[in-house]
Amino acid sequence: LIGISSITYPHTMVYGTLVSCLIKYESGGRIDAVGKADEKGILQFKDTTFQQYCVDKYELGKNIWNPITQKVCADKMIADGLIFHWSTSDLCY
């Protein structure tokens, strides 16, 4: 699989069900999904959003294709009130 890392994060998913719903509507669970505007992975991160939050703010690593990194990052973003970054969020709550 592309971009899978054995790295684990000491993080308990608070919004796991919501993240799962976003994955369903963003990529259908495909870790190699690429969106119309070049969004990547299971949570369809744009390069700039991934860099700003996942890499710079949360220091989760630079591999945008890593589904674990995407899940943890999304969970942290949701906790910080940033769910609006996903256009499908209204389908999940």
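Look up a bit, the structure's there.
In this text, all values refer to a predicted model and were calculated from it rather than measured experimentally.

Colleague: Can you walk me through the overall build of the protein chain in this structure?
Modeller: Counting secondary structure elements, the protein chain contains three helices and zero strands. Every one of the 93 residues in the protein chain was classed for burial, and the buried ones make up 45%. In the protein chain, the proportion of contacts linking residues at least 24 apart, taken out of those at least 6 apart, comes to 56%. With an accessible surface of roughly 5,400 Å², the protein chain has 54% of that area assigned to carbon and sulfur atoms.

Colleague: Whenever I open this one, the environment of Leu91 confuses me. Can you help?
Modeller: Structurally, Leu91 is set in the segment after α3 (67-79). Not counting residues within four places of it along the chain, the set of residues in contact with Leu91 comprises Cys21 and Tyr25.

Colleague: Where do I start with helix α2 (residues 47-57) in this structure?
Modeller: Each α-helix winds once per 3.6 residues, and so residues spaced three or four apart point in a common direction. Among the residues making up α2, those that are buried are Thr49, Phe50, Tyr53, Cys54 and Val55. Within α2, the buried residues cover an arc of 160 degrees as seen down the axis, which keeps them to one side. As for α2, its buried residues are in contact with α3. Just downstream of α2 lies Glu59, where phi reads positive at about 55 degrees.

Colleague: Would you mind showing me how to read the state of the cysteines here?
Modeller: Covalently bonding the sulfur atom of one cysteine to the sulfur atom of another cysteine gives a disulfide. Throughout the structure, instances matching the rule amount to two disulfides. Sulfur-sulfur distance for the disulfide between Cys21 and Cys92 comes to 2.2 Å. Residues Cys21 and Cys92 are joined through a disulfide that is left-handed, its torsion about the S-S bond being -85 degrees. On the criterion of sequence distance, the pair formed by Cys21 in helix α1 (residues 16-26) and Cys92 in the segment after α3 is long-range, its members being 71 residues apart. For Cys21, a relative accessible area of 17% corresponds to the buried category. For Cys92, a relative accessible area of 16% translates into the label buried. Across the disulfide from Cys54 sits Cys73; the S-S distance is 2.1 Å. Disulfide Cys54-Cys73: the torsion about the S-S bond is -95 degrees, which places it as left-handed. In this pair, Cys54 is assigned in helix α2 and Cys73 in helix α3, connecting sequence segments 19 residues apart.

Colleague: Please clarify how α1 should be interpreted in this entry.
Modeller: For α1, the complete set of buried residues consists of Leu18, Val19, Cys21, Leu22, Ile23 and Glu26. Those residues of α1 that are buried are in contact with α3. Positive backbone phi, approximately 65 degrees, marks Gly28, located one or two places after α1.

Rules of the game
Residues numbered from 1 in each chain as written. Predicted model: local features only at pLDDT ≥ 70, side-chain atom pairs only at ≥ 80, totals over all residues. Heavy atoms only, no water. Helix = DSSP H or I, 4+ residues; strand = E, 2+ residues; numbered from the N terminus. Buried < 20%, exposed > 50% of the residue type's maximum accessible area, 1.4 Å probe, protein only. Contact = heavy atoms within 4.5 Å. Areas by Shrake-Rupley, 256 points an atom, 1.4 Å probe, with all protein chains shown as cover. Arc of directions from axis to C-beta. Disulfide = S-S within 2.5 Å.

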